[in-house]
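So you can see what is in the structure, the chains are spelled out below.
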Amino acid sequence: MKKNWVRSLGILGLAVLLFGCSSQQGQEQKKAEQPHSAKKAASASKKTAKAASSASSSSSSSSSSSSSSSSANKSGSDDRGFKQSPFPQKMQGTWYGWDQYENKLKTISFSGNKFTLDGEVKYAYDGSVRTSEDQAALNDPSQKMDQEKQDKWVALSGSSLTEKPISQDGAPVQVINLLGWYQSAGAGTSYYVTQVQVNGQQMPVLTEAGGAGIWVQMHYYRSQSLALAQKDAGIPTDINQDDNY
């Protein structure tokens, strides 16, 4: 009986000893794994930071590219690099005039370098940007012309006049002249805005003129009712073909 008790006590002690060793090994293994886990966490953190930096750089590059594109669009040139010629600020918007020759109301509008006359759209460009092919066709109508330019483009030039009657007080008046892109003869069509007193009120009037003498053809007003009321009435800033100036 005593031997059995001693044997049981020995077995119990051995079990306690084995459990203690196993626990110590587990703790040592955890300690060994901790630096490795820390390294993995640090590596993952670095990768995340690198990815964020790359994304930020990509976003910055995209933003810069977008900004550059926006600047290019505002540079005054079209997608092919041709220099656009915007109409003066005073002309921008919609005007209405009575055409006494066609006996009808006409509408003209300006937006940037685009102008629309009774639904027909054209674009104004600087004539100095004509290509060598354009110049050849301008000098020789038998040469091939760019159909789009022939139909939709006009060459815009401008001058400033301070003489009467266009300028009533000596202040410069900007006169815009339009020629067909391949037009080599004729004086083209001119437009200018002056402040005129109509029915006791000062208001802007857009004058359309033609010929070398900038002879008046018709007037445009900011409203249809005013255009109909004025119709072919003359204004003090007109130059008529039979006037001696």
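Please refer to the structure placed before this passage.
Worth saying up front: this structure is predicted, and the values here are computed from it rather than measured. By convention here, each chain's residues receive numbers from 1 onward along its written sequence. Confidence filtering applies because this is a predicted model: local features only for residues at pLDDT of at least 70, side-chain atom pairs given and counted only at 80 or more, and all residues used for totals across whole chains, interfaces and linings. Side-chain metrics rest on all non-hydrogen atoms present in the structure, leaving aside hydrogens and water.

### Digging into the environment of Gly 127
- Structurally, Gly 127 is set in the loop between β4 (120-126) and α2 (132-139).
- Using a 1.4 Å probe on the protein chains alone, a residue whose accessible area is under 20% of its type maximum counts as buried, one over 50% counts as exposed, and one in between counts as partly exposed. A relative accessible area of 16% means that Gly 127 is categorised as buried.
- Separated by 53 residues in the primary sequence, Gly 127 and Gly 180 place their C-alpha atoms 9.8 Å from one another. Each helix is a run of H or I in the DSSP string that is no shorter than four residues. Each strand is a run of E no shorter than two, and both are numbered from the N terminus.

### Focus on α2
- Along α2, the residues that are buried comprise Asp 134, Ala 137 and Leu 138. Summarising the axial view, the buried residues of α2 lie within an arc of 105°, below the 170-degree limit, and thus occupy one face. Opposite the packed face of α2, turned more than 90 degrees from it, sit the exposed residues Ser 132, Glu 133 and Asn 139.
- In this description, contact between two residues means that some pair of their heavy atoms is separated by no more than 4.5 Å. Lining the buried residues of α2 we find α3 (147-152). Working note: the arc is built from the helix axis to C-beta atom directions.

### Topic: the pairing of strand β3 (residues 114-117)
- Two strands pair under a simple rule: DSSP has to find at least two bridges between them. Pairing between strand β2 (residues 104-111) and β3: 4 bridges, direction antiparallel. Within β3, the residue paired with Phe 110 across the bridge is Phe 115.
- Here β2 folds back onto β3 in antiparallel fashion, the turn holding 2 residues, of which Gly 112 has a positive phi close to 65°.
- Across 4 bridges, β3 lies against β4 in antiparallel orientation. Each residue of the ladder has a partner; that of Leu 117, found in β4, is Glu 120.
- Where β3 folds back onto β4 in an antiparallel hairpin, the turn is made up of 2 residues, including Asp 118, whose phi is positive at roughly 50°.

### So, the nonpolar core
- By convention a nonpolar core is built from buried Ala, Val, Leu, Ile, Met, Phe, Trp, Tyr and Cys residues, the set being connected through side-chain atoms within 4.5 Å. Core analysis: the biggest nonpolar cluster contains 16 residues, and Phe 87, Met 91, Ile 108, Phe 110, Leu 178 and Leu 206 have the highest contact counts within it.
- Those elements that provide at least two residues to this core are β2, β5 (153-161), β6 (173-180), β7 (189-198) and β9 (215-221).
- The contact partners of Leu 178, leaving out residues within four places of it in the chain, are Phe 87, Phe 115, Val 154, Ala 155, Leu 156, Gly 188, Thr 189 and Tyr 191.
- Counting residues in each nonpolar core, the second largest holds 9 residues, with Met 203, Val 205, Leu 226 and Ile 235 among its members.

### Examining the packing of aromatic side chains
- Pairs were defined over the aromatic rings of Phe, Tyr and Trp, the Trp ring being its six-membered one, requiring ring centres within 6.5 Å. Orientation was assigned from the angle between planes: stacked under 30 degrees, edge-to-face over 60, tilted for the rest. All chains considered together, the criterion is met by 8 aromatic pairs.
- For the ring pair Phe 82 and Trp 153, a centre distance of 5.2 Å and an interplane angle of 80° mean the geometry is edge-to-face. Here Phe 82, found in the loop between α1 (2-73) and β1 (93-99), pairs with Trp 153, found in strand β5; they are 71 residues apart in sequence, far enough to count as distant.
- Taking relative accessible area as the criterion, Trp 153 reaches 2% and is therefore assigned buried.
- Between Phe 110 and Phe 115, the aromatic rings sit 6.2 Å apart at their centres with planes inclined by 20°, giving stacked as the arrangement.
- Taken together through their ring pairs, the aromatic side chains of Phe 82, Tyr 125, Trp 153 and Trp 181 make up a single cluster.
- Its guanidinium or amino end placed over the ring of Trp 181, Arg 130 lies 4.7 Å from that ring's centre, counting from NZ or CZ. For a lysine, the NZ atom is tested; for an arginine, the CZ atom; a charge sits over a ring if that atom is within 6 Å of the ring centre and within 35 degrees of the ring normal.

### Looking at the pairing of β4
- Buried residues dominate β4, accounting for 5 of its 7 residues.
- As judged from the 4 bridges shared by β4 and β5, these two strands associate in the parallel manner. The residue bridging Asp 126 from the neighbouring strand is Leu 156, located in β5.

In short, the description is geometric, and any link to function would need to be established separately.
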